[in-house]
Amino acid sequence: MYPERPAGIAFGGDYNPEQWPREVLEEDVALMREAGVNLVSLGMFAWALMEPSEGRYEFGWLDEIVDRLHEAGVAVNLATPTAAPPAWLVARHPDVLPVTREGTRIGFGGRQSACSSAPAFLEATARLVRALGEHYRDHPAVVMWHVHNEYGAPLGECYCEHSVAAWREWLQLKYCDISALNDAWGATFWGQTYGDWPEIDAPRLNNTVVNPAQRLDYARFSDGEHRAHYALQRDILRELTPGIPVTTNFAGTVNCKSADLWRWARELDVVANDHYLKAERPDNHIDLAMSADLARSVAGGAPWMLMEHSAGAVNWQPRNLAKRPGEMRRNSLAHVARGSDSVLFFQFRASRFGAEKFHSGLVPHAGTDSEQWREVVRLGADLRGLAEVRGSRVRAEVAIVWDWESYWALELDWRPSVDLTFRERVDAFYEALWREHITVDFVHPSADFSGYRVVVAPSSYLLAEASAKNLHRYVEAGGNLLVSYFSGIVDEHDTVHPGAHPGALRELLGLSIEEFHPLREHETVALTGGGTGADTARIWSERVRPAGAVPVRNFAAGPDAGHPAFTRHDLGAGTAWYLATAPVTGLRELLAGVLDHAGVTRPRGLSDALELVRRGAHTFLINHGDDPVTVEGVTGTSVFDGVRHDGPVTVPPGAVVVVVETPRP
Ligand code: GLA
């Protein structure tokens with residue numbers, strides 16, 4: 001259920017007028033009208049103002065703001081402020097403060113300073129949300145509910161007494177019988193067998209590595225506790241305002257490791273995502289694209305909301321680079337291209353005080369006589385021009401397998417190499433596909449893959465048997481699956497699948513691994529073949545023993561010289577490919593071979609500075625480079641200037657052209 005209002009693309013962001021004198025509201029409203037802001041998120045961190053002391057609710061100050069915005073035609077995304085529990089709650093119930101894995105109870109003064117399992121926090125949450133919901137249930141300005149803020153960031157796991165009590169209950173529900181838990185956790189290893197539930201603790205800091213299956217379950221449990229805290233609020237709001245969508249904003253699909261967003265997305269009426277650029281990464285627009293594609297994917301392909309991004313610099317990275325002219329526009333339109341029906345920011349007006357005073361806003365400290373404000377006004381106009389994009393869908397022929405549980409498991413301690421990380425491989429494949437101008441969906445390994453010509457499984461370390469069978473069926477039915485090393489190694493309890501690696505995928509890939517040979521830091525090994533014949537690889541080498549698979553490329557040097565590095569296995573109507581290393585060069589070429597084999601069409605010879613995405617009838621052409629780029633074969637009308645195209649379109653450096661298919665005159 002996407003919010004009905006505002007019409008078109010929502011534009012605006014977090015608005016914190018409580019930080020400003022009353023007269024600034026008038027100025028802000030005027031500026032919102034100037035820029036075409038039509039949606040703001042209010043009240044996110046205002047619990048202490050909404051409930052100044054226990055049970056005393058004060059919404060008068062907020063009424064004035066909501067009414068004024070409504071008068072001005074700005075819709076309200078009303079937040080429940082539970083990410084900022086007030087001082088009185090913490091003083092009265094110090095046990096709501098979370099405890100870190102190291103055993104430190106955190107203090108008051110930041111945010112997210114309450115444990116999602118603490119009874120006093122849950123009770124106070126329910127009371128406040130009910131009061132808020134009852135107060136605003138009939139207010140015409142309120143078009144959606146924004147619960148909490150970025151669950152999981154920074155509070156992922158809590159190790160307090162309430163968490164441990166809830167954890168034991170969770171385990172009992174999951175395993176029923178303590179011997180089932182002992183089996184699942186491999187408790188005979190290091191003599192950890194439990195006789196009864198109260199013996200079980202959270203996987204606290206230890207002088208060595210803690211049982212990985214226990215840690216994996218704790219990650220699942222902790223994420224579930226936050227989801228329960230969300231659901232508590234959502235259910236109250238749904239009861240009071242059944243027609244109003246409820247959501248919470250993800251702390252960046254690709255960046256918040258602790259939240260399993262496949263599970264989260266099922267609980268939301270509309271998926272909402274925050275994304276902040278990694279300022280120093282020169283091609284950070286690729287990370288942005290990946291975040292947006294993952295948001296669309298967890299939304300099941302439905303339009304989603306970009307709930308926050310930044311107009312300029314953030315303030316929490318080591319070096320907070322301001323956005324260059326045009327960059328905010330490119331960023332915003334890239335999110336829309338990839339399925340967002342909103343362009344919202346943190347925050348409308350840059351704060352003068354507090355922890356985020358050096359964070360940009362739509363209205364910067366410099367005021368409106370600034371390049372930034374002029375860009376904001378221009379963006380508002382652009383988005384009005386894109387109103388018809390709303391609701392349309394992006395189609396992808398290629399998918400990447402993404403599973404948070406595998407992500408968690410892969411990055412627990414004591415793996416064969418510290419260089420094995422989930423994002424390292426996913427990013428490598430995503431980037432190569434992005435540069436091939438391929439739009440990618442992300443999929444859970446148990447999903448229906450039948451709509452994809454190619455599925456890539458990078459470092460799918462944890463793979464349940466049922467998911468492995470799913471991959472098998474996909475290939476047999478004609479799919480193309482590309483698996484990279486260290487995939488299909490363990491089951492859902494981090495127990496190695498029986499027999500030689502990769503236990504879950506041996507048959508499908510037509511090979512087994514005799515031995516892992518991780519490389520030294522900075523070591524590279526040469527590969528045979530390839531266009532230039534000079535490709536090298538890093539991080540990983542292993543002894544592949546084909547059993548049906550055919551070598552396509554071999555290791556030319558290193559511990560596995562003369563043995564396969566890249567193989568192909570035709571199975572049923574499809575093909576399973578396996579890449580046993582991390583190419584430094586040549587990944588794109590290798591992927592291109594798989595894409596060609598699968599008949600995936602894409603523009604050839606187009607500069608990889610140009611981002612090309614199709615959404616419904618609209619083609620987005622975003623030039624991230626310093627030179628003009630000409631794209632061939634574009635037919636339609638340019639949305640921003642009305643120019644008709646039938647053939648080549650030249651996109652100036654840094655510019656965005658959106659072309660909508662229109663019938664020939
Ligand atoms: C997050 C939060 C916001 C704000 C921004 C700053 O996304 O949700 O409240 O702190 O970061 O970048």
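Here the structure is a predicted model, which means the values were calculated and not measured.

**Structural notes on the site of the ligand**
Item 1. In the vicinity of the ligand, the residues found are F45, R111, N149, E150, D274, Y276, E308, W316, F346, E356 and H359.
Item 2. In the environment of the ligand, an oxygen atom lies 2.6 Å from a nitrogen or oxygen atom belonging to the side chain of E150.
Item 3. Within the side chain of E308, an N or O atom sits 2.5 Å from an oxygen atom of the ligand.
Item 4. Protein contact buries 96% of the 310 Å² of open area that the ligand shows by itself.
Item 5. Split into classes, the residues belonging to the shell around the ligand amount to 4 nonpolar, 2 polar and 5 charged.

**Quick notes on the nonpolar core**
Item 1. Ranked by internal contacts, the top residues of the largest apolar core, which has 195 residues, are L42, L69, W185 and W402.
Item 2. Element by element, the count of residues in this core is highest for helix α8 (residues 212-240), at 9 residues.
Item 3. Setting aside its immediate chain neighbours within four residues, L69 contacts Y15, V29, M32, V40, L42, V74 and V76.
Item 4. One finds L610, L612, V651 and V657 within the second-largest nonpolar core, a separate group that totals 12 residues.

**With respect to the packing of aromatic side chains**
In this description, a pair of aromatic rings is defined by centroid distance and the angle of the planes.
Item 1. The final tally for this structure, using the stated rule, is 33 aromatic pairs.
Item 2. Look at W167 and Y218: their rings are 4.8 Å apart centre to centre, the planes differ by 85 degrees, and that puts the pair in the edge-to-face class. Highlighted residues: W167 in helix α6 (residues 161-175) and Y218 in helix α8, separated in sequence by 51 residues. The residues W167 and Y218 share a single accessibility class, namely buried.
Item 3. Between Y485 and W540, the aromatic rings sit 5.5 Å apart at their centres with planes inclined by 15 degrees, giving stacked as the arrangement. Here the residue Y485 occupies a position in the loop between β13 (480-484) and α16 (506-509), and W540 occupies one in the loop between β16 (536-538) and β17 (542-546), the gap between them amounting to 55 residues.
Item 4. For W540, a relative accessible area of 0% corresponds to the buried category.
Item 5. Aromatic ring contacts, followed pair by pair, group Y159, W167, W170, W185, Y194, Y218 and F221 into a single cluster.

**Concerning the UniProt feature "binding site: Zn(2+)" (unreviewed entry) in the chain**
Item 1. Per the UniProt entry, the sites bearing "binding site: Zn(2+)" (unreviewed entry) are C115, C158 and C160 in this numbering. The largest pairwise C-alpha distance within this set of annotated residues, which runs over 46 residues, is 8.0 Å, so the set is compact in three dimensions.
Item 2. Mapped onto the elements of the fold, C158 is located in the loop between β4 (142-147) and α6.
Item 3. A residue is classified by how much of its surface remains accessible, and C158, at 7% relative accessible area, is buried.
Item 4. Those residues in contact with C158 that sit more than four places away from it in its chain are P98, V99, C115, S163 and Y218.
Item 5. Here C160 lies in the loop between β4 and α6.
Item 6. Assessed through its relative accessible area of 1%, C160 is described here as buried.
Item 7. Setting aside residues up to four positions removed in sequence, C160 forms contacts with V99, R105 and C115.

**Points about the sheet that holds strand β22 (residues 610-615)**
Item 1. One open sheet holds the 5 strands; their spatial order is β22-β23-β26-β24-β25, and the pairing between them is antiparallel. One side of each edge strand has no neighbouring strand; the edge strands of this open sheet are β22 and β25 (644-651). Each strand axis lies, on average, 30 degrees off the axis of its neighbour in the sheet, ignoring direction.

**Description of the UniProt feature "domain: Glycoside hydrolase family 42 N-terminal" (unreviewed entry) in the chain**
Item 1. Following the UniProt record, the feature "domain: Glycoside hydrolase family 42 N-terminal" (unreviewed entry) maps to residues 14-384 here.
Item 2. Annotation note: span residues 14-384, helix share 41%, strand share 10%, distance between end C-alpha atoms 20 Å.

The rules behind each value
- Residues numbered from 1 in each chain as written.
- Predicted model: local features only at pLDDT ≥ 70, side-chain atom pairs only at ≥ 80, totals over all residues.
- Heavy atoms only, no water.
- Near = heavy atom within 4 Å.
- Polar contact = N/O pair within 3.5 Å; in protein donor to acceptor, adjacent residues only side chain to side chain.
- Areas by Shrake-Rupley, 256 points an atom, 1.4 Å probe, with all protein chains shown as cover.
- Nonpolar A, V, L, I, M, F, W, Y, C, P; charged D, E, K, R; others polar.
- Core = buried A, V, L, I, M, F, W, Y, C linked by side-chain atoms within 4.5 Å.
- Buried < 20%, exposed > 50% of the residue type's maximum accessible area, 1.4 Å probe, protein only.
- Helix = DSSP H or I, 4+ residues; strand = E, 2+ residues; numbered from the N terminus.
- Contact = heavy atoms within 4.5 Å.
- Phe/Tyr/Trp six-rings, centres within 6.5 Å; stacked < 30°, edge-to-face > 60°.
- UniProt positions renumbered as here; feature names shortened; annotations may be inferred.
- Pairing = 2+ DSSP bridges.
- Axes fitted to C-alpha atoms, helices over the stretch in contact; angles between N-to-C directions.

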